[in-house]
Amino acid sequence: MVNDKVWLKLREQFEGKGVTLVAVSKKKPVSDIQEFYDLGERNFGENYVQELVEKQPQLPADINWHYIGHLQTNKVKYIAPFVHLIHAVDSFKLLKEINKQAKKNERIINVLLQIHVAEEESKFGLSSAGIIELLDFYKTQEADMANVRICGLMGMGTFTEDELQLRAEFSKVQALFLNLKKSYFLDTEDFNECSMGMSGDYGIAIEEGSTMVRIGSMLFGARN
Ligand SMILES: *Cc1c(COP(=O)(O)O)cnc(C)c1O
C-alpha cells in the first residue's frame, strides 16, 4: 500500500524550498513505483544494482533513477546507461570507473561524494579529509574526467532518536559542503546538492541545509 497522502504532504512541504524528494523504492514492487509516478513523482531511489536493472525497463523512461547504495566498481556498467545520480561515491577508483562507463554510453553521470558522519562503523563513506584528498587528486585529473559531474555531498545520520546528535552530524555535512564549494567549485554551478535525511530524520536534515531527502518507508510502508 503506497501512501499517497504522505506524498502529497511532503511535496507541499518541500515546494519552493529547493528540496528534492527522492522516493526510495528498494524492495518494493514496480506497481508501487508506477502509482507514485502516476501521481507525478519522477525521482526514485534504489540501492541494489540487480533490482534497479530489473525494474528500470518496466517503468517509464523519464524517471530519474537515483542510485543511493554502496556501489561496487564492477557493477557501474549495468546502471551507467540510464542512472541519473549516484549518491554514494566513496573512492577515486569508483569515480574513475563511473567516468569511463559514462563515456562509453556517451553521457555525463551526476554524482555525490559520500561523507561518513554517523557513529556506526558499518556505514560507508569518506572522512572530511578523505573527501578533500579525493578532490585534490580529481583536480589533477579533471581534463580526463569530463563524463562525471560532481554535484555535491551525501551523508547519512546515525540511527538514533537523539536529535542533537543528528543535528550535529547534518550540520557537519553542510559545513563541509560550503567549504568545498568555495575551495573547489567556485567556477561552476554544478556543486549544489546536499543529500541528507530519510523517513526518520528528514525534518532535521532540511533545517540543517539538506537539498535532497531520500524517503522510503514513509511513502511505501515498512520493508521486510
Ligand atoms: C533505505 C534508504 C533510505 C530510505 O530509508 P527510509 O528510512 O525507509 O526512509 C535512504 N537512504 C539510503 C541510503 C537508504 O539505503
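Novice: Could you clarify how one ought to interpret the overall build of the protein in this entry?
Specialist: Tallying secondary structure elements over the protein gives nine helices and eight strands in all. Taking 224 residues into account, the globule formula puts the C-alpha radius of gyration at 17 Å, and the protein, at 17 Å, falls close to it. In terms of principal-axis extent, the alpha carbons of the protein reach across some 50 × 45 × 35 Å. Taken across its 224 residues, the protein has 50% of its residues classed as buried. Considering only intrachain contacts with a sequence separation of at least 6, the fraction spanning at least 24 residues in the protein is 59%. Accessible surface, the protein as shown: approximately 11000 Å² in total, 50% of it carbon and sulfur. If the 26 positive side-chain charges of the protein are averaged to one point and the 32 negative ones to another, these points end up 4 Å apart.

Novice: Would you mind showing me how to read the site of the ligand here?
Specialist: Neighbouring the ligand are the residues Val 24, Lys 26, Asn 47, Ile 68, Met 156, Met 198, Ser 199, Arg 214, Ile 215, Gly 216, Ser 217 and Arg 223. Asn 47 is positioned such that a nitrogen or oxygen atom in its side chain is 3.0 Å from an oxygen atom of the ligand. Here a nitrogen atom of the ligand sits 2.9 Å away from a polar atom, N or O, in the side chain of Arg 214. For the ligand, whose unbound accessible area comes to 390 Å², protein coverage reaches 91%. Counted by class, the shell around the ligand contains five nonpolar, four polar and three charged residues.

Novice: How do you make sense of unusual backbone geometry when you look at a structure like this?
Specialist: If a residue is not glycine, its phi is most likely negative; likewise, a peptide bond is most likely trans. Of note in the backbone geometry, Lys 27 takes a positive phi value of approximately 65° without being a glycine. With respect to the helices and strands, Lys 27 occurs in the loop between β1 (20-24) and α2 (30-39). Notably, Glu 106 is not glycine yet its phi reads approximately 50°, a positive angle. With respect to the helices and strands, Glu 106 occurs in the loop between α5 (92-104) and β5 (109-115).

Novice: Looking at this structure, how should I read helix α6 (residues 128-141)?
Specialist: Between the first and last C-alpha of α6 there are 20 Å, a value that for 14 residues agrees with the 20 Å anticipated at 1.5 Å per step. In the core, the buried residues of α6 are packed alongside α5, β5, β6 (148-155) and α7 (163-184).

Novice: How do you make sense of the state of the cysteines when you look at a structure like this?
Specialist: Here a disulfide denotes one covalent bond, and it connects the sulfur atoms of two cysteines. This structure, assessed with the given rule, holds zero disulfides. You can see Cys 151 has no disulfide; the closest cysteine sulfur is in Cys 194, sitting 12 Å from it. According to the relative accessible area criterion, Cys 151 is buried, its value standing at 10%. According to the relative accessible area criterion, Cys 194 is buried, its value standing at 0%.

Novice: What should I look at first to understand the nonpolar core in this one?
Specialist: Nonpolar side chains in soluble globular proteins tend to be buried together. Counting residues in hydrophobic clusters, the biggest one holds 65 residues, and the most contacted among them are Ile 86, Leu 95, Leu 135 and Leu 219. Top element by residues in this core is α7. It accounts for seven residues. Those residues in contact with Leu 95 that lie beyond four places of it in its chain are Val 89, Val 111, Leu 134, Tyr 138, Met 145, Val 148 and Ile 150. Membership of the second largest hydrophobic core comes to seven residues, among which are Leu 85, Cys 151, Met 154 and Met 212.

Basis of the calculations
Residues numbered from 1 in each chain as written. Predicted model: local features only at pLDDT ≥ 70, side-chain atom pairs only at ≥ 80, totals over all residues. Heavy atoms only, no water. Helix = DSSP H or I, 4+ residues; strand = E, 2+ residues; numbered from the N terminus. Rg over C-alpha atoms; globule rule 2.2 N^0.38 Å. Buried < 20%, exposed > 50% of the residue type's maximum accessible area, 1.4 Å probe, protein only. Contact = heavy atoms within 4.5 Å. Areas by Shrake-Rupley, 256 points an atom, 1.4 Å probe, with all protein chains shown as cover. Lys, Arg positive; Asp, Glu negative; His and termini not counted. Charge placed at Lys NZ, Arg CZ, Asp CG, Glu CD. Near = heavy atom within 4 Å. Polar contact = N/O pair within 3.5 Å; in protein donor to acceptor, adjacent residues only side chain to side chain. Nonpolar A, V, L, I, M, F, W, Y, C, P; charged D, E, K, R; others polar. Expected span 1.5 Å × (residues − 1). Disulfide = S-S within 2.5 Å. Core = buried A, V, L, I, M, F, W, Y, C linked by side-chain atoms within 4.5 Å.

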